[in-house]
Number of protein chains: 2
Amino acid sequence: MARNKEITLLLDAGEYSFLPSLSVDCVIFGFHENQLKVLLLKHRYLNIWALPGGFIYKDEPTDAAAYRVLKERTGLNEIFLQQFHVFGEPHRSEKEFHLQDLKRDGIDVNEDHWILQRFVTIGYYALVEFSKVNPSPDTFSENFTWWDIHKVPALMLDHRKILDKALDVLRRQLNYQPVGYNLLPEKFTMPELQKLYETILDKKLDRRNFQRKILSFQILRRLTETKKGVPHKAPYLYSFDLKKYLKALDEGLNAGW
Amino acid sequence: MARNKEITLLLDAGEYSFLPSLSVDCVIFGFHENQLKVLLLKHRYLNIWALPGGFIYKDEPTDAAAYRVLKERTGLNEIFLQQFHVFGEPHRSEKEFHLQDLKRDGIDVNEDHWILQRFVTIGYYALVEFSKVNPSPDTFSENFTWWDIHKVPALMLDHRKILDKALDVLRRQLNYQPVGYNLLPEKFTMPELQKLYETILDKKLDRRNFQRKILSFQILRRLTETKKGVPHKAPYLYSFDLKKYLKALDEGLNAGW
């Protein structure tokens, strides 16, 4: 089937399957070897990069839709997604812009087509170790790439705004949520943990302040072994105290009065 | 006009004015004289209490809809509302239940009426000094009351779940957001501030731990004057350092590495 015929049929079917006016978009941050990246897709039929996103079936919970969309579009599974913000500006979908995009790609839809209606989108985000997850594109996605957070290309609609907000929320949460359990090896040094924070925050931190602050959260266990095979004095190894880590994740760092 | 005719016309008009599938609900917590309450409305035509909520005009930002709904239904203005969660379970609106409710009140709508469709709702919350705000009911609301948080009556649909989630978010935020600027007098004692926290958290706190922790946030200024007209040793008065308070509100308590 011609690609524009195929996409037109799929677009038409959507009107009967999906909840009107609502979508989900996922910001998947990846950390690996002290780099922070974000997973972006390029639609097979559209020449622009986008966050993995999609629609909600008429009988589907919104949170389940986010997991399904992520799984369908990227193959990623078992990633903990967090709702972080609703984007509800009336002109965020930019109907005219979208229409031109589709037309340029040879896809004709009526001006009142449901795909061109106003969509409020629910933003979800996650932070993963990107060498441990294996995205595989769906039939719509020509291409997907982990983009360095500093080199993100032009994005569809208001996806840049959604990405920026997610990054802002992620950085803010470092103040009251622990991070690192699924990102670092089981045993790590204080400099390795500091580097994770520096990478997310995109700035250098003072070594002593960092150590004092992170130890005050009481989520770390200092091991008796030290790191081998490094020059100079062998640094201590740490691991997370999982019970305390999970409690802090649930209640907040330094929570409780 | 007969009341059921009136409401039927209004319900029908909604389909053309509002975005489908989406609503907003507001949880307004009120603090006054060491009591925590929540503002609930009883609809003129329905015999059940509910959170102030409503729909989103087709060209209206979702956040603006929340402010408008709150203003229209309660007269409350200039209250800072925070998005806190999206409630997107498919059966949260309980179509059959809603239909029976309407029928019992003599309002007949078709099974496929837009008011009976699935609605995803965006929850907003605020915490105000309730003696300073003056709610006034709209034409739909027979009655509105500040309910003690321990004595909330049966609520419409899943509004109890929305209220509980808002309370949970409010309590959790005490760990990383300052509170009190719009709730306490300009000058207050440490026991008055502690009582505010105890009221929100619904538990007694240790006096010394509380003082140590709250002072560590560096958002308070101890004044040279002491509280007059109290027995025993006159307690110190404090006020918020507004600049630091606002910074902590924006970035989080003890933020920064």
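None of the values given here were measured: they were computed from a predicted structure.

Peer 1: I would appreciate a short explanation of the overall build of chain A in the present structure.
Peer 2: The secondary structure content of chain A amounts to seven helices and ten strands. If you line up chain A on its principal axes, its C-alpha atoms span 70 × 40 × 25 Å. Counting every position in chain A, which comprises 257 residues, the buried fraction comes to 53%. Only carbon and sulfur atoms are counted for the fraction: they give 51% of the accessible area of chain A, which is about 12,900 Å². In chain A, 37 side chains carry a positive charge and 34 a negative one; their mean positions are 10 Å apart.

Peer 1: Can you help me understand the pattern of salt bridges in this one?
Peer 2: For side chains of opposite charge, pairing can occur when their charged atoms come near one another. As enumerated under the stated definition, the model contains 18 salt bridges over all chains in all. A salt bridge links Arg172(A) to Asp168(A); its shortest N-O distance comes to 3.1 Å. Linking Arg172(A) with Asp168(A), this pair stays in helix H4 (residues 159-173), spanning four residues, or about one helical turn. Since its relative accessible area comes to 33%, Asp168(A) is described here as partly exposed. For Lys195(B), the salt bridge is made with Glu198(B), and the minimal N-O distance between the two is 3.8 Å. Residue Lys195(B) and its partner Glu198(B) are located together in helix H5 (residues 190-201), separated by three residues, close to a single helical turn. Look at Glu198(B) and you get buried, because its relative accessible area is 8%. Via salt bridges that share partners, Glu60(A), Arg68(A) and Glu72(A) belong to a single interconnected network.

Peer 1: Can you help me understand the side chain of Thr62(B) in this one?
Peer 2: Looking at the secondary structure, you find Thr62(B) in helix H2 (residues 62-74). Once residues within four sequence positions are removed from consideration, Thr62(B) is found in contact with Val86(A), Gly88(A), Arg118(A), Val120(A), Val24(B), Ile56(B), Ile122(B) and Tyr124(B).

Peer 1: When you look at the pairing of strand S1 (residues 18-32) of chain A in this model, what are you seeing that I'm missing?
Peer 2: Consecutive residues of a regular strand have side chains that alternate between opposite faces of the sheet. All names here are of chain A. The buried fraction of S1 amounts to 13 of the 15 residues, a majority that puts the element mostly inside the structure. Of the pairings in the sheet, the one linking S1 to strand S4 (residues 53-57) comprises four bridges and is antiparallel in character. Bridge pairing in S4 places valine 24 opposite glycine 54. Bridge count for S1 against strand S6 (residues 120-129) is ten bridges, and the pairing is parallel. Opposite serine 23, over in S6, you have threonine 121 as the bridge partner. Across four bridges, S1 lies against strand S2 (residues 35-43) in antiparallel orientation. Its bridge partner lying in S2, phenylalanine 29 is registered against valine 38.

Peer 1: Please explain helix H6 (residues 207-216) of chain B as it appears in this structure.
Peer 2: Because each turn of an α-helix spans 3.6 residues, side chains separated by three or four positions end up pointing in the same direction. All names here are of chain B. Among the residues of H6, Phe210, Lys213 and Ile214 are the ones counted as buried. End-on, the buried residues of H6 take up no more than an arc of 95 degrees, which puts them together on one face. The exposed set on the far side of H6, more than 90 degrees from its buried face, consists of Arg208 and Arg212. Residues of H6 that are buried make contact with H5 and strand S9 (220-226). N-capping of H6 is provided by aspartate 206, with a side-chain oxygen placed 3.3 Å from the backbone N of arginine 208. Once H6 finishes, glutamine 218 follows within two positions and takes phi at roughly 55 degrees, a positive value.

Peer 1: Explain the packing of H5(B) against H6(B) to me, please; I cannot follow it from the model alone.
Peer 2: When two helices pack together, their arrangement is given by the angle between the helix axes and the distance between those axes. Residue and element names in this part refer to chain B. Close contact between H5 and H6 brings their axes to 11 Å; oriented N to C, the two are set at 95 degrees. Considering their axes alone, H5 and H6 lie roughly perpendicular with respect to each other. Residues Met190, Leu193, Gln194 and Tyr197 of H5 lie in contact with H6, whose contacting residues are Arg207, Phe210, Gln211, Ile214 and Leu215. Residue composition of the contact of H5 with H6, grouped by class: six nonpolar, two polar and one charged.

Peer 1: Honestly, the relation of the copies chain A and chain B in this entry has me stumped. Any pointers?
Peer 2: Both copies of the chain are placed relative to one another by a rotation about an axis and a shift along it. Expressed as a screw transformation, the operator carrying chain A onto chain B has a rotation angle of 180 degrees and an axial translation of 0.0 Å, and the superposed copies differ by an RMSD of 0.0 Å. Here the transformation between the copies is reduced to the relation of a two-fold axis. The fraction of interface residues of chain A whose copies in chain B are also interface residues reaches 100%, indicating that both copies meet through the same surface.

Peer 1: Just checking my understanding: could you explain H2(B) for this structure?
Peer 2: Residues and elements named next belong to chain B. Taking 1.5 Å as the rise per residue, H2 with 13 residues should run 18 Å; its terminal C-alpha atoms sit 18 Å apart, in good agreement. Restricting attention to buried positions, one finds in H2 the residues Thr62, Ala65, Ala66, Arg68, Val69, Leu70, Arg73 and Thr74. Just past H2, the residue glycine 75 takes up positive phi, approximately 80 degrees.

Thresholds applied
Residues numbered from 1 in each chain as written. Chains lettered and ligands numbered in written order. Predicted model: local features only at pLDDT ≥ 70, side-chain atom pairs only at ≥ 80, totals over all residues. Heavy atoms only, no water. Helix = DSSP H or I, 4+ residues; strand = E, 2+ residues; numbered from the N terminus. Buried < 20%, exposed > 50% of the residue type's maximum accessible area, 1.4 Å probe, protein only. Areas by Shrake-Rupley, 256 points an atom, 1.4 Å probe, with all protein chains shown as cover. Lys, Arg positive; Asp, Glu negative; His and termini not counted. Charge placed at Lys NZ, Arg CZ, Asp CG, Glu CD. Salt bridge = Lys/Arg side-chain N within 4 Å of Asp/Glu carboxyl O. Contact = heavy atoms within 4.5 Å. Pairing = 2+ DSSP bridges. Arc of directions from axis to C-beta. Polar contact = N/O pair within 3.5 Å; in protein donor to acceptor, adjacent residues only side chain to side chain. Axes fitted to C-alpha atoms, helices over the stretch in contact; angles between N-to-C directions. Parallel < 35°, antiparallel > 145°, perpendicular 65-115°, else oblique. Nonpolar A, V, L, I, M, F, W, Y, C, P; charged D, E, K, R; others polar. Least-squares fit on C-alpha atoms with pLDDT ≥ 70 in both. Expected span 1.5 Å × (residues − 1).

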